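# Summary of the model geometry
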Amino acid sequence: MKDTPASSTACVHGGERPDPSTGALEPPLHLASAFAFDDAAQAAGAFSGENAHLIYGRWGNPTVSNLEAKVTALEAPGEESGFDACATASGMAAIAATLLTLCNAGEHIVAPRSMYGESARLLRERLPKLGIQTTFVDQTDPASYERAITESTRVLYVETPANPTLTVTDLAAVAAIARARGLTIVADNTFATPYCQRPLAHGVDLVIHSMTKAIGGHGDAIGGVVVGDTARIRAIKETAIKTFGGVLAPFNALLIARGIRTFALRAKQANQTALALAHALAEDGRVVRVHYPGLPSHPGHAIARKQMSSFGALVAFEVESLEMGRRVLEAVRVVTHAVSLGDVRSLITHPASTTHFSMPAEARRSAGIGDGLLRISCGIEESVDVVADVTRALHAAVR
Ligand code: PLP
């Protein structure tokens, strides 16, 4: 599988063809919740799998299928025949459905210490109630995944770069451990995006995205997706879509597919701004520490260079205190103070009091999420404007 940045050509044309019934270039929005059968034999064949006739919106919808084909083309270019995607109502729906498909009561997951707060909460609080335990490990050390594996382990879970610390995990090394032990490796690729990193090319089995973020890109549609081999995706569709009902609404599918057409252009601009911002912050005496995998000073830089073609749109940095962090948030003008990421707008958050508030304070500390940590998701504004805004906000915050 190729490991090159998602190209604009793939973003525009991937998984698409003119609508067969009208020739429309823009795929139609199918809102129907049920689809008529010509006769009893066709209905029976649709249910038994003998024909591909559509049945019911929760089991399949042409607008959603079009989006799934587009995302498959981004994450598994040239390999679409063996791969498929399952779109879900949100990124969390994709994560929950994937783990509940792969794990049963009595089974075990190995996951990183630093990861998206709600994913951590699912693993730490919710899955144990269903008999599924998780061991959290130092994600910078693949051997710590190996050491945590027990007889009941089914999944090695990776998020790289991680939310919000930008910690990097060696995908190929953890995938090799999973392969040797017959386990499934799942990677949340939301932060990296297929523009920067294709986990499937490094041996990962299933790739998850919050499409709410850079893939949709406009901050107007919540959605998630899992991409992988057709057999695993078929199983996840049975659980996530048919049984749990976490289906993506067709209108959101249309908005996200439309967003994908400009994804590579947006990612290129946002990554360029993030790199410029990271360098500017690294030279700013008011900043205690900068976390960006593209900086040679980042502890995961060498691995990032190996597995990423560019370093993403997210930059985290630490200021001396919670109070100063709050003053920075209140002083930005071009950058917007809001959660989420991957938007056309640059966004700034304070993880310890927002996205990672639900993490116990001790877990936050061991994940490296300090009280003075701020996270910026670069948008598509001019790089100089974003850098100047953050620099000015830092100046205002120390006065
Ligand atoms: N994964 C990561 C890395 C995230 O940052 C988020 C949300 O911020 C999610 C998953 C969940 O996505 P959603 O909000 O679409 O459920």
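Quick caveat, the model's predicted, so the values are computed rather than measured. (Residues numbered from 1 in each chain as written. Predicted model: local features only at pLDDT ≥ 70, side-chain atom pairs only at ≥ 80, totals over all residues. Heavy atoms only, no water.)

## Describing the pairing of strand β5 (residues 184–188)
- When you tally the buried positions in β5, you get 5 out of 5 residues, the bulk of the element.
- Residues Thr184, Val186 and Asp188 line one face of β5 and the alternating positions Ile185 and Ala187 line the opposite face, and both faces are buried.
- As judged from the 5 bridges shared by strand β4 (residues 153–159) and β5, these two strands associate in the parallel manner. Residue pairing in the sheet places tyrosine 157 in a bridge with valine 186 of β5.
- The parallel pair β4 and β5 is bridged by helix α7 (residues 171–181), and the resulting crossover is right-handed.
- Here β5 runs beside strand β6 (residues 206–210); their pairing, made up of 3 bridges, is parallel. Across the sheet, valine 186 pairs through a bridge with leucine 206, a residue of β6. (Buried < 20%, exposed > 50% of the residue type's maximum accessible area, 1.4 Å probe, protein only. Helix = DSSP H or I, 4+ residues; strand = E, 2+ residues; numbered from the N terminus. Pairing = 2+ DSSP bridges. Right-handed = clockwise from strand over helix to strand, strands pointing away.)

## Remarks on the domain arrangement of the protein chain
- Entries for the protein chain in the domain assignment read domain 1 (8–260) and domain 2 (263–398).
- Tallying the contact residues gives 41 residues for domain 1 and 42 residues for domain 2.
- Overall, the association of domain 1 and domain 2 removes approximately 3200 Å² of surface from exposure, summing both partners, and the carbon and sulfur fraction of that is 61%.
- The tally of links from domain 1 across to domain 2 stands at 1 salt bridge.
- Close ionic contact of aspartate 170 with lysine 306 constitutes a salt bridge, the shortest N to O distance being 2.9 Å. (Domains from an automatic or database assignment. Contact = heavy atoms within 4.5 Å. Buried area = accessible area lost by both parts, 1.4 Å probe. Salt bridge = Lys/Arg side-chain N within 4 Å of Asp/Glu carboxyl O.)

## Remarks on the side chain of aspartate 205
- Positionally, aspartate 205 belongs in the loop between α8 (193–196) and β6.
- Looking at aspartate 205, its side chain comes within polar contact range of the side chain of arginine 179, at 3.5 Å.
- Among the polar contacts made by the side chain of aspartate 205, one reaches the main-chain amide nitrogen of isoleucine 185 at a distance of 2.9 Å.
- In contact with aspartate 205, not counting residues within four places along its chain, are Arg179, Leu183, Thr184, Ile185, Leu200, Val227, Gly228, Asp229 and Arg232. (Polar contact = N/O pair within 3.5 Å; in protein donor to acceptor, adjacent residues only side chain to side chain.)

## So, the site of the ligand
- Taken together, 14 residues form the shell around the ligand, and within it Met92, Asp188, Ser210, Thr212 and Lys213 come nearest.
- Take asparagine 163: an N or O atom from its side chain is 2.9 Å from an oxygen atom of the ligand.
- Separating an oxygen atom of the ligand from a side-chain N or O atom of lysine 213 is a distance of 2.8 Å.
- For the ligand, the accessible surface in isolation is 390 Å², of which the surrounding protein chains cover 91%.
- Ranked by residues supplied to the shell around the ligand, first place goes to helix α4 (residues 91–102) with 3 residues. (Near = heavy atom within 4 Å. Areas by Shrake-Rupley, 256 points an atom, 1.4 Å probe, with all protein chains shown as cover.)

## A word on the pattern of salt bridges
- Counted according to the given criterion, the structure contains 19 salt bridges.
- The residue glutamate 16 makes a salt bridge to lysine 70 at a minimum N-O spacing of 2.9 Å. Note that glutamate 16 is positioned in the loop between α1 (8–13) and α2 (40–48) and lysine 70 in helix α3 (residues 62–75), a separation of 54 residues in sequence.
- With relative accessibility at 22%, the residue glutamate 16 sits in the partly exposed group.
- We note a salt bridge from arginine 261 to glutamate 26, for which the minimum N-O separation is 3.2 Å. Note that arginine 261 is positioned in the loop between α10 (250–260) and α11 (263–282) and glutamate 26 in the loop between α1 and α2, a separation of 235 residues in sequence.
- Its relative accessible area of 18% is what places arginine 261 among the buried residues.
- Glutamate 26 sits in the partly exposed class, given a relative accessible area of 40%.

## Here we look at the state of the cysteines
- Under the counting rule described, the total for this entry stands at 0 disulfides.
- Take cysteine 11: it sits in no disulfide, and the sulfur closest to it among the cysteines is that of cysteine 196, at 12 Å.
- No disulfide involves cysteine 196; its sulfur sits 12 Å from that of cysteine 378, the nearest cysteine.
- For cysteine 196, a relative accessible area of 1% translates into the label buried. (Disulfide = S-S within 2.5 Å.)

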